[in-house]
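Overview (structure and organization)
Now for the letters of each chain:
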Amino acid sequence: VTGCGASACPLTDVTIKASAQRICENDSVVLRATAKAKGDYQYEWFSVEGKDSTSLGKASAAGSIVVKKAGAYAVVATNSEDATCFAASDTVIISVDTIPARLLKNVSECVGKTVELQAADNADYTYEWSDGSTDSKISGIDTDGEYSVIITNGQCVTKDTATVEFGSAKLE
């Protein structure tokens, strides 16, 4: 989309480059706009949902924005000297990968028993337990201690820890 002013508008296109289009939860991505014509431009960023768009703030000369949420984003570049000279970008889609942060539960059990710790069983994840195991669970635990697992999905990493305690049976 371009504006039609009284003078010839050299701006016909604005593009967005993303530092990444897939990010991990709690990470951010930098979106940078580039006007395809020389000049001074003001950039206004938008979050786009279907046919609706929401401005992410007042237009500024900064051609970049940092986002942390999944969604579609677009930018409109407007010539600083001629508001009728503008161009809108196509949208860029940012997706956010999530791995549940808290997967393990602390366990108390009677001496002589064993326990099992289970992380989320997901074929897309890889696991590395503190004892070197690589399955989604570890079984046969019979010793007090902290047990941790590092989980990855090819891009994102999370670590979780559970405490296992063994004690005497309570007499009531």
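First, a word on what this report is: a plain description of the structure on this page. (Residues numbered from 1 in each chain as written. Predicted model: local features only at pLDDT ≥ 70, side-chain atom pairs only at ≥ 80, totals over all residues. Heavy atoms only, no water.)

**Regarding the overall build of the protein**
We count it as follows: A run of H or I in DSSP counts as a helix once it spans at least four residues, and a run of E counts as a strand once it spans at least two, with each numbered from the N terminus. We compute the radius of gyration from the C-alpha atoms alone; for a globule the expected value is 2.2 Å times N to the 0.38, where N is the number of residues. Only protein chains enter the calculation, and the probe is 1.4 Å; a residue is then buried if its accessible area is under 20% of its type maximum, exposed if over 50%, and partly exposed in between. Computed by Shrake-Rupley with a 1.4 Å probe, the accessible areas treat only the displayed protein chains as cover when residues are assessed. Counted as positive: Lys and Arg. Counted as negative: Asp and Glu. His and the chain ends are not counted at all. Charge coordinates come from a single atom per side chain, which is NZ of Lys, CZ of Arg, CG of Asp or CD of Glu.
Within the protein one finds zero helices and 15 strands. Relative to the 2.2 N^0.38 estimate, which gives 16 Å for 172 residues, the radius of gyration of the protein is 26 Å and therefore markedly larger than a compact globule would have. Dimensions along the principal axes, computed over C-alpha positions, put the protein at roughly 90 × 30 × 25 Å. Sorting the 172 residues of the protein into buried and exposed places 33% on the buried side. Only carbon and sulfur atoms are counted for the fraction: they give 47% of the accessible area of the protein, which is about 10800 Å². A gap of 5 Å separates the mean positions of the 15 positive and 24 negative side-chain charges of the protein.

**Digging into the packing of aromatic side chains**
Applied cut-off: To pair, rings of Phe, Tyr and Trp, with the six-membered ring standing in for Trp, must have centres within 6.5 Å; the planes then decide the type, stacked if under 30 degrees apart, edge-to-face if over 60, and tilted in the middle.
Tallied over the entire structure, the rule returns one aromatic pair. With a centroid separation of 6.4 Å and 65° between ring planes, the pair formed by Tyr-125 and Tyr-127 is classed as edge-to-face. A relative accessible area of 11% places Tyr-125 in the buried class. A relative accessible area of 8% places Tyr-127 in the buried class.

**Quick notes on the nonpolar core**
The cut-off we apply is this: Buried Ala, Val, Leu, Ile, Met, Phe, Trp, Tyr and Cys residues that are joined via side-chain atoms within 4.5 Å together make up what is termed a nonpolar core.
Formed by 22 residues in total, the largest nonpolar core has its most connected members in Leu-11, Leu-31, Tyr-43, Trp-45 and Ile-94. Mapped onto this core, the elements with two or more residues apiece are strand S1 (14–18), strand S3 (29–35), strand S4 (41–49), strand S6 (64–67), strand S7 (71–79), strand S8 (82–88) and strand S9 (92–97). The element that contributes the greatest number of residues to this core is S3, accounting for four residues. In terms of nonpolar packing, the next biggest core, distinct from the first, is built from 19 residues, Ile-99, Leu-104, Tyr-127 and Val-164 among them.

**Focus on the pattern of salt bridges**
Heads up, the condition is: By salt bridge we mean one thing: a side-chain nitrogen of Lys or Arg within 4 Å of a carboxyl oxygen of Asp or Glu.
Here the structure, examined in full by the defined rule, presents two salt bridges. Among the salt bridges present, the one from Arg-22 reaches Asp-97, with a minimum N-O distance of 2.5 Å. Residue Arg-22 is found in strand S2 (residues 22–24), and its partner Asp-97 is found in strand S9; the two are separated by 75 residues along the sequence. Where Lys-137 meets Glu-116, a salt bridge forms, and the shortest distance between an N and an O atom there is 3.8 Å. Here Lys-137 is found in strand S13 (residues 137–141), whereas its partner Glu-116 is found in strand S11 (residues 115–118), with 21 residues between them in sequence.

**Brief notes about the sheet that holds S3**
Working definition: the strands of a sheet are paired by backbone hydrogen bonds and lie parallel or antiparallel to each other. Rule in force here: The pairing criterion is simple: DSSP has to find at least two bridges between the two strands. Angles shown run from 0 to 180 degrees and are taken between the N-to-C directions of axes, each axis being a line fitted to C-alpha atoms and, for helices, limited to the stretch in contact.
A sheet is described by the order of its strands in space; here three strands give the open sequence S1-S3-S6, paired in antiparallel fashion. The sheet terminates laterally at S1 and S6, the two strands that pair on one side only. Averaged over all neighbouring strand pairs, the angle between strand axes comes to 25°, with direction disregarded.

**Structural notes on unusual backbone geometry**
The backbone of Asn-26 sits at a positive phi, close to 75°, despite the residue not being glycine. Here Asn-26 is to be found in the loop between S2 and S3.

**Section: the sheet that holds strand S14 (residues 145–152)**
Here four strands make up an open sheet; going across it, the order is S10-S15-S14-S12 and the pairing mixed. At either margin of the open sheet sits one strand with a lone partner, and together these are strand S10 (107–110) and strand S12 (126–129). Averaged over all pairs of adjacent strands, the angle between their axes in this sheet comes to 25°, without regard to strand direction. Strand direction decides the pairing type here: S14 and strand S15 (residues 157–167), joined by eight bridges, are antiparallel. Looking at the pairing, Ile-150 lines up with Lys-159 of S15.

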